[in-house]
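# Per-entry structural report
Spelled out from the first residue to the last, the chains are:
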Amino acid sequence: MVGIPLAVAAIRFVQAGGRFAPVDLLLDDRPPPPSGFAPGDDFLTPRQKLVFAHLRQGKANKIIAYELGVSESTVKVHIKNIMRKIGATNRTQAVYKAQSALLRAFAPDAG
């Protein structure tokens with residue numbers, strides 16, 4: 001929450017042509033989502049790719065952990081890092097973004 005003087009200063013700054021962003025947004029340490037994410041990109045580690053393959057199948061964390069021979073908390077960390085790298089806010093959105101990117105990658109060129 002911001003005080004009235006800061007809000008007034010922000011409005012004046014924007015009216016003058018500037019851009020205003022809340023400080024907590026600027027201090028967010030997450031990198032911006034990659035532009036044009038493609039599932040084949042090498043920004044996921046091999047283990048993250050493996051976890052992501054199970055995630056795309058709709059498997060629960062507990063099942064993924066059992067099948068990979070790791071703890072459920074390890075799977076949660078991998079999923080959190082995958083979502084951060086892809087720019088997703090939840091696992092469903094992560095799968096959707098990957099599926100959309102995959103469809104774009106193999107779609108015939110229009111033209």
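Residues numbered from 1 in each chain as written. Predicted model: local features only at pLDDT ≥ 70, side-chain atom pairs only at ≥ 80, totals over all residues. Heavy atoms only, no water.

### A word on the overall build of the protein
Secondary structure assignment for the protein yields six helices and zero strands. Going residue by residue from the N terminus, the α and β elements of the protein occur as α-α-α-α-α-α. Within the protein, the fraction of its 111 residues that count as buried is 23%. Entry remark: accessible area of the protein is about 8200 Å², with carbon and sulfur atoms responsible for 61%. (Helix = DSSP H or I, 4+ residues; strand = E, 2+ residues; numbered from the N terminus. Buried < 20%, exposed > 50% of the residue type's maximum accessible area, 1.4 Å probe, protein only. Areas by Shrake-Rupley, 256 points an atom, 1.4 Å probe, with all protein chains shown as cover.)

### Some remarks on helix H3 (residues 46–56)
Here H3 has its buried residues at Gln48, Val51, Phe52, His54 and Leu55. In a view along the axis of H3, the buried residues occupy a sector of 160 degrees, so they form one face of it. Two residues or fewer after H3 comes Gly58, characterised by a positive phi angle close to 80 degrees. (Arc of directions from axis to C-beta.)

### Details of the nonpolar core
Val51, Phe52, Val75, Ile79 and Ile82 are the most contacted members of the largest nonpolar core, which has 16 residues in total. Among the secondary structure elements, those contributing two or more residues to this core are H3, helix H4 (61–68), helix H5 (72–86) and helix H6 (91–106). For this core, the element with the most residues is H5, which contributes five residues. For Val51, the residues in contact, after removing those within four places along its chain, are Ile64, Leu68, Val75, His78, Ile79 and Ile82. (Core = buried A, V, L, I, M, F, W, Y, C linked by side-chain atoms within 4.5 Å. Contact = heavy atoms within 4.5 Å.)

### A word on H4
What H4 keeps buried is the set Asn61, Ile64, Ala65 and Leu68. Along the axis of H4, the buried positions cluster into a sector of 100 degrees, meaning they face one direction only. Facing away from the buried surface of H4 by more than 90 degrees, the exposed residues are Lys62 and Tyr66. Trailing H4 by a residue or two, Gly69 shows a phi angle of about 70 degrees, which is positive.

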